[in-house]
Amino acid sequence: MKFLIHTYGCQMNVRDSEAVEALLVAAGYEKAEGEEDADIVIVNSCTVRQKAEEKAVGKAGNLIAAKKITGLMGCAVKRMGEDVFRRLPKLDFAVGPRRFGLIPRILERIRAGESRILETGDDEVPSGMDAHPDSGKSAGSFQAFVTVLLGCDNRCSYCIVPDVRGHEYSRPAREVVAEVRALAAHGVKEVCLLGQSVLRYGVRNAAWEGEGPDPDGYTEAFPRLLKELCKIDGIERIRFTSAHPRGCTDELVRVYRTEPKVCRHLHLPVQSGSDRVLAEMGRRYTRAEYLAAVRKLRDFDPEFAVTTDVIVGYPGETEEDFEATRSLMEEAGFDNSFVFKYSPRPGTRSAKLPDDVPTAEKERRDQVLLADQEARGQRRNDRLVGTVREVLAEGPSKRNAARWSGRDSGNRIVVWDVAEGCRETVGARVKLRITAAHPQILVGEKV
Ligand code: SAH
Ligand code: SF4
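In this text the structure is predicted, and so the values were computed from the model without any measurement. (Residues numbered from 1 in each chain as written. Chains lettered and ligands numbered in written order. Predicted model: local features only at pLDDT ≥ 70, side-chain atom pairs only at ≥ 80, totals over all residues. Heavy atoms only, no water.)

J.: How do you make sense of the environment of Lys-2 when you look at a structure like this?
T.: Inspection of the secondary structure puts Lys-2 in strand 1 (residues 2–7). C-alpha separation for the pair Lys-2 and Ala-94, spaced 92 residues apart in sequence, amounts to 19 Å. (Helix = DSSP H or I, 4+ residues; strand = E, 2+ residues; numbered from the N terminus.)

Right under this line is the structure:
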């Protein structure tokens with residue numbers, strides 16, 4: 001039987017889908033080319049905003065209409081619970097984010113005649129966390145995601161993630177190291193470590209249990225993990241996401257300083273630049289503390305790339321609060337940013353507050369921040385013209401097949417022309433002199 005997985009949402013969902021893919025292949029299923037030749041289609045859902053949930057649930061509805069065996073997995077399942085079968089009465093199965101390891105067994109049960117199977121779970125550690133499709137990332141490249149921290153204990157006022165992904169759990173460092181070693185043996189060169197607040201790795205539960213103190217003197221679990229992973233032959237780059245300013249410690253900077261394999265990029269969601277809104281959100285930092293964390297990274301390396309997430313239209317967000325966000329973004333000099341319009345999520349603290357910023361005003365604030373980022377991205381990238389950057393080649397550029405594309409250590413996309421008759425290799429290190437800059441892309445030529 002052939003299966004297909006459609007994935008919505010964040011990188012953690014991408015990673016969970018990959019693990020399910022690997023588990024299904026191991027169980028004897030075959031990956032389908034497209035929807036037409038798939039017998040089983042699984043939709044991995046997101047629920048972080050209302051629209052995201054609607055998209056995934058709508059997709060599952062269409063597949064049911066097309067008479068495929070249809071399963072829904074991921075965050076929206078955990079949020080809806082039993083309700084999922086009221087929304088989708090003909091859905092075959094639904095599995096929460098901490099139960100995806102059960103999918104092969106569930107498919108057996110369905111083929112034996114069971115229907116409407118629901119497994120939501122709470123804080124389980126899914127089996128198959130370390131299962132990867134043969135080629136690392138599904139695209140068949142040299143990059144792979146590795147989930148190191150499950151769940152989230154931060155409980156920001158607006159966020160449904162802790163309700164659906166459960167409590168924090170740090171996978172044992174030993175397990176993570178073994179997983180990355182296995183990936184390296186299969187040709188993976190770049191890993192991206194995942195966690196909602198990944199710098200809290202080893203905080204709620206010990207990750208280095210039984211391993212004794214670190215010989216290099218690291219006392220914090222995450223920097224120590226980074227340093228250990230850098231020792232693995234074949235691994236050339238290590239990324240991780242997402243970060244919280246409280247995790248930007250001296251030990252983290254020490255790893256940056258001593259380990260060139262650790263990429264010079266941090267995704268550091270700020271959400272707002274207004275101290276009043278930050279306090280209401282329960283983000284546990286002030287504007288000044290956030291900016292101090294950014295400064296720490298840029299003091300170490302002025303080209304250090306910092307990207308962020310921002311919410312516009314949080315309940316009670318005034319024009320003044322919004323302007324504080326604008327000015328913070330300018331001061332932080334973000335290399336890129338993702339702006340989200342506030343969406344109340346059932347059961348969260350902020351859902352009890354009136355969603356009082358009108359949709360049109362949210363839209364306007366979104367557009368203003370996007371325009372600011374375009375200009376800022378252009379300015380930041382202009383400063384890199386003339387520099388030489390090293391990228392790992394990812395493949396032909398989507399827009400123009402005569403061009404290749406790759407990323408530098410700062411996660412900046414760089415494209416370059418490939419002369420006719422010349423060949424590039426996926427995953428190869430390429431040195432490029434930057435000749436032109438756009439807000440989100442650099443253009444280079446080989447040196
Ligand atoms: N764990 C990550 C964020 C995960 S959710 C972190 O805290 O760093 C990804 C982004 O979605 C968040 O950073 C936030 O900007 C946005 N988001 C979360 N809940 C939202 C909501 N209710 N409405 C709008 N945007 C939201
Ligand atoms: Fe949500 Fe906050 Fe946890 Fe991120 S840190 S997943 S925004 S609760």
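From this point, things continue past the structure.
J.: Quick question: what am I supposed to make of the pattern of salt bridges here?
T.: When their charged atoms lie close together, side chains carrying opposite charge are able to pair. Counted according to the given criterion, the structure contains 56 salt bridges. Put simply, Glu-228 and Lys-231 hold a salt bridge, and the shortest N to O gap is 2.9 Å. The partner of Arg-376 in a salt bridge is Glu-330, and the shortest N-O contact between them spans 3.2 Å. One end of the pair, Arg-376, is in helix 13 (residues 359–382); the other, Glu-330, is in helix 12 (residues 319–332), and 46 residues separate them in sequence. Taking relative accessible area as the criterion, Arg-376 reaches 1% and is therefore assigned buried. Each of Arg-298, Glu-303, Asp-335, Arg-380, Arg-389, Asp-408 and Arg-412 takes part in a single network of salt bridges with overlapping partners. (Salt bridge = Lys/Arg side-chain N within 4 Å of Asp/Glu carboxyl O. Buried < 20%, exposed > 50% of the residue type's maximum accessible area, 1.4 Å probe, protein only.)

J.: Would you mind going over the site of ligand 1 with me for this structure?
T.: Around ligand 1, the structure places 15 residues, and the nearest of them are Gln-196, Pro-269, Gln-271, Asp-309 and Ser-343. With respect to ligand 1, the backbone of Tyr-158 contributes an N or O atom lying 3.1 Å from a nitrogen atom. In the model, an oxygen atom of ligand 1 is placed 2.7 Å from a nitrogen or oxygen of the Gln-271 side chain. Bound to the protein, ligand 1 loses 90% of the 550 Å² it would expose on its own. At the level of elements, strand 13 (305–312) and strand 14 (336–341) are the ones that each hand at least two residues to the shell around ligand 1. Here the shell around ligand 1 is built from residues that sort into 6 nonpolar, 4 polar and 5 charged. (Near = heavy atom within 4 Å. Polar contact = N/O pair within 3.5 Å; in protein donor to acceptor, adjacent residues only side chain to side chain. Areas by Shrake-Rupley, 256 points an atom, 1.4 Å probe, with all protein chains shown as cover. Nonpolar A, V, L, I, M, F, W, Y, C, P; charged D, E, K, R; others polar.)

J.: Explain the sheet that holds strand 14 to me, please; I cannot follow it from the model alone.
T.: Read across the open sheet, the 3 strands follow the order 12-13-14; overall the sheet is parallel. Pairing within the sheet leaves two strands with one partner each, and these edge strands are strand 12 (265–267) and strand 14. Each strand of the sheet is rotated relative to its neighbour by a mean of 15°, with strand direction disregarded. In the packing of helix 11 (residues 287–300) onto the sheet, the strands contacted are strand 12 and strand 13, and the crossing angle to strand 13 comes to about 160°. (Pairing = 2+ DSSP bridges. Axes fitted to C-alpha atoms, helices over the stretch in contact; angles between N-to-C directions. Contact = heavy atoms within 4.5 Å.)

J.: Would you take a moment to explain the domain arrangement of the chain for this structure?
T.: Put simply, an interface is often sized by how much accessible area is lost when its parts join up. When cut into domains, the chain gives domain 1 (2–119), domain 2 (143–380) and domain 3 (388–446). Between domain 2 and domain 3 the total buried area reaches about 1,400 Å² when both faces are included, carbon and sulfur atoms providing 34% of it. Seen at the junction of domain 2 and domain 3, the total is 3 salt bridges. Residue Arg-412 pairs with Asp-335 through a salt bridge whose shortest N-O separation is 3.9 Å. The tally of links from domain 2 across to domain 3 stands at 12 residue pairs in polar contact (both at pLDDT 80 or more). Among the secondary structure elements, those contributing two or more residues to the side of domain 2 that touches domain 3 are strand 11 (237–241) and helix 13. Counting residues per element, the side of domain 2 that touches domain 3 draws most heavily on helix 13, at 3 residues. (Domains from an automatic or database assignment. Buried area = accessible area lost by both parts, 1.4 Å probe.)

J.: Would you mind showing me how to read unusual backbone geometry here?
T.: The phi angle of most residues is negative, glycine excepted, and most peptide bonds adopt the trans form. Cis peptide bonds are those with omega within 30 degrees of zero, and the linkage from Thr-241 to Ser-242 qualifies with -5°. Looking at the element boundaries, Ser-242 is found in the loop between strand 11 and helix 9 (250–258). One non-glycine residue, Arg-116, lies in positive phi territory at about 45°. Within the element layout of this structure, Arg-116 appears in the loop between helix 5 (103–111) and strand 6 (117–119). Phi is positive for Arg-155, which is not a glycine, with a value near 55°. You can call Arg-155 partly exposed: its relative accessible area is 41%.

J.: For this particular structure, what's the right way to read helix 7 (residues 173–185)?
T.: Each α-helix winds once per 3.6 residues, and so residues spaced three or four apart point in a common direction. Over its 13 residues, helix 7 extends 18 Å from the first C-alpha to the last, a length consistent with the 18 Å expected when each residue adds 1.5 Å. Of the residues making up helix 7, those classed as buried are Ala-173, Val-176, Val-177, Glu-179, Val-180, Leu-183 and Ala-184. Considered in projection along helix 7, the buried side chains sweep an arc of 160° and stay on one side of the axis. Turned more than 90 degrees from where helix 7 packs its buried face, Arg-174, Arg-181 and Ala-185 sit exposed. Buried residues belonging to helix 7 abut helix 1 (11–26), strand 7 (143–147), strand 10 (190–194) and helix 8 (221–230). Just beyond helix 7, the residue with positive phi is Gly-187, at close to 95°. (Expected span 1.5 Å × (residues − 1). Arc of directions from axis to C-beta.)

J.: Explain the packing of aromatic side chains to me, please; I cannot follow it from the model alone.
T.: Each pair of aromatic rings is reported with the distance of its centres and the angle of its planes. One pass over the full model with this rule turns up 8 aromatic pairs. Between Tyr-314 and Tyr-342 the ring centres are 5.5 Å apart and the planes differ by 70°, which places this aromatic pair in the edge-to-face class. Within this pair, whereas Tyr-314 is found in the loop between strand 13 and helix 12, its partner Tyr-342 is found in the loop between strand 14 and helix 13, the two being separated by 28 residues in sequence. Among the residues examined, Tyr-342 registers a relative accessible area of 5% and is labelled buried. (Phe/Tyr/Trp six-rings, centres within 6.5 Å; stacked < 30°, edge-to-face > 60°.)

J.: Looking at this structure, I do not really get the site of ligand 2. What am I missing?
T.: Taken together, Cys-152, Asn-154, Arg-155, Cys-156, Tyr-158, Cys-159, Val-161, Pro-162, Gln-196 and Arg-283 form the complete shell of residues around ligand 2. For the shell around ligand 2, the residue count by class is 6 nonpolar, 2 polar and 2 charged.

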